[in-house]
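Below, each chain spelled out in residue letters.
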Amino acid sequence: MNMPAENIARLRESFYKRISSRHLKPLWEVLHSLVPECPQPKCVPVLWKYADLRGPLLEAGELISAKEATRRVLILENPAFAGESKITNSLYAGVQLLNPGEVAPAHRHTQSALRFVLEGAGAFTAVDGERAYMQPGDLILTPSWTYHDHGSEIAEPVMWLDGLDIPILQLFDAGFCENLAEDQQQLARPAGDALARYGANMLPVDYKPKSLTSPVFAYPYARSREALEKLSKGSPVDACHGFKMRFINPATGGHAMPTIATFMQLLPKGFRGNAYRSTDATVFVGVEGKGRSRVGDQTFEWGPRDIFVVPSWMPCTHETDETSVLFSYSDRVVQEQLGLWRESRP
């Protein structure tokens, strides 16, 4: 094009304006952002101290009932997604409160959910006709489109972290919800039935899966902690993760949920981890002990019940001065199914 650069720029700008009325846009103007050389996450690192969450949550419990709210939750919203109710680009997180004697009414939705118990013991979540009684550190799953309600018959408040795949469902415009006529569903099985049927490396001979989520919907922390302890005694420590295990669907050996991967890791006393990064932005929760995690150029000091997020492809290192445990969840399972997941170690 044999003309001055300013003339070319003017002609192109005029062209772009004319085609915009036809809902067209030149790819060459945005290609670098659509197909980047490496992930460019909008998500940013954030730490929520449990001490800063607990007071507002209890205050919310005085302002609105669990039944009135349907789910009395304070959303953990990443500052990069203001107004979007997202903790990462693909996942949701919130902290829920149930006061003594309350019921969070039964409903079901296409979004898959996890509950990670932070405080209080003895309240329950009912899923598809069975109750799981909560203890701190327990992981409880709600498969897509299964009725679930929460109830408390104890004398203390119970709080837990909710993790859902809401943004993924929003991407596909595939969200549905339905309320049950009664506040609480009818029970069909005793508490602990699913763990007994499916959690002992055995399956009923005529087992047929009802969903893509694990038939074991409650993973007690006592069992998870025991497994980590035994792993730490008989295996070499991973330079990045310490001793890390993933929750699985015992019927398939795959991840426990089809859209959310869940993990628990033990970091031994004096652990100084190597930098690690992966394409799945990850939400971490302190369970035991305390430590430090350097995420990008920020350092988070965390302890039990503190929550922090590591964005996609951002280097993260963990350090501890005492034996510590972290729970985490991410969208790794989706990325693996699509052949997209990557990690980087030094």
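Preceding block: the structure.
Definitions and limits used
- Residues numbered from 1 in each chain as written.
- Predicted model: local features only at pLDDT ≥ 70, side-chain atom pairs only at ≥ 80, totals over all residues.
- Heavy atoms only, no water.
- Core = buried A, V, L, I, M, F, W, Y, C linked by side-chain atoms within 4.5 Å.
- Buried < 20%, exposed > 50% of the residue type's maximum accessible area, 1.4 Å probe, protein only.
- Contact = heavy atoms within 4.5 Å.
- 1 Å grid on protein atoms, 1.4 Å probe; cavity = no way out; pocket = protein on both sides within 12 Å on 5 of 7 lines; lining within 4 Å.
- Points joined across faces, edges and corners; volume = space filled by probe spheres on them.
- Helix = DSSP H or I, 4+ residues; strand = E, 2+ residues; numbered from the N terminus.
- Nonpolar A, V, L, I, M, F, W, Y, C, P; charged D, E, K, R; others polar.
- Pairing = 2+ DSSP bridges.
- Axes fitted to C-alpha atoms, helices over the stretch in contact; angles between N-to-C directions.
- Expected span 1.5 Å × (residues − 1).
- Arc of directions from axis to C-beta.

Undergrad: What is the right way to read the nonpolar core from this model?
TA: Nonpolar side chains tend toward joint burial in soluble globular proteins. Counting 55 residues, the largest nonpolar core has Leu161, Phe327 and Tyr329 as its most contacted members. Sequence-distant contacts of Phe327, defined by excluding residues within four places in its chain, comprise Leu114, Phe116, Leu139, Phe247, Thr262, Phe263, Met264, Val283, Phe284, Val285 and Val287. Leu267, Val295, Phe300 and Trp302 belong to the second-largest nonpolar core, a separate cluster that totals 10 residues.

Undergrad: How do you make sense of the layout of surface pockets when you look at a structure like this?
TA: Leftover empty space is mapped by rolling, across the atoms, a probe with the size of a water molecule. What the largest pocket holds in volume is close to 1000 Å³. Around the largest pocket, the lining is made up of 34 residues, and of these Asn89, Thr279, Asp331, Gln335 and Leu340 lie nearest the centre. Elements represented by at least two residues in the lining of the largest pocket include exactly helix H2 (31–34), helix H5 (166–172) and helix H8 (332–337). Among the elements that take part in the lining of the largest pocket, H5 stands out by supplying 6 residues, more than any other. Within the lining of the largest pocket, the residues separate by chemical class into 17 nonpolar, 11 polar and 6 charged. In this structure, the second largest pocket occupies an estimated 540 Å³ of space. Every residue lining the second largest pocket is counted, 18 residues in all, and those nearest its centre are Tyr219, Arg223, Ala227, Phe247 and Ile248. Those elements giving two or more residues to the lining of the second largest pocket turn out to be helix H6 (193–198), helix H7 (221–234) and strand E13 (243–246).

Undergrad: Teacher, can you tell me more about the sheet that holds strand E5 (residues 113–119) here?
TA: Through backbone hydrogen bonds, the strands of a sheet pair up, either in parallel or in antiparallel fashion. If you walk across this open sheet you meet the 6 strands as E2-E3-E10-E5-E8-E12, and the pairing is antiparallel. Since the sheet does not close on itself, it has two edges, and those belong to strand E2 (73–75) and strand E12 (218–219), each with one partner. In terms of strand pairing, E2 meets strand E3 (residues 92–98) through 3 bridges, oriented antiparallel. Bridging from a neighbouring strand, Val73 pairs with Gln96 of E3. The strands that helix H3 (residues 50–63) touches are E2, E3, E5 and strand E10 (158–164); relative to E3, the one it contacts most, it runs at about 55°.

Undergrad: Mind showing me how you'd approach helix H1 (residues 5–20) here?
TA: An α-helical turn contains 3.6 residues, so any two residues separated by three or four positions project in the same direction. Taking 1.5 Å per residue as the helical rise, H1 with its 16 residues ought to reach 22 Å, and the 23 Å between its terminal C-alpha atoms agrees with that figure. Of the positions making up H1, those classed as buried are Ile8, Tyr16 and Ile19. Looking straight down H1, one finds its buried side chains confined to an arc of 75°; they lie on one side. Opposite the buried face of H1, at more than 90 degrees from it, the exposed residues are Glu6, Arg10, Lys17 and Arg18.

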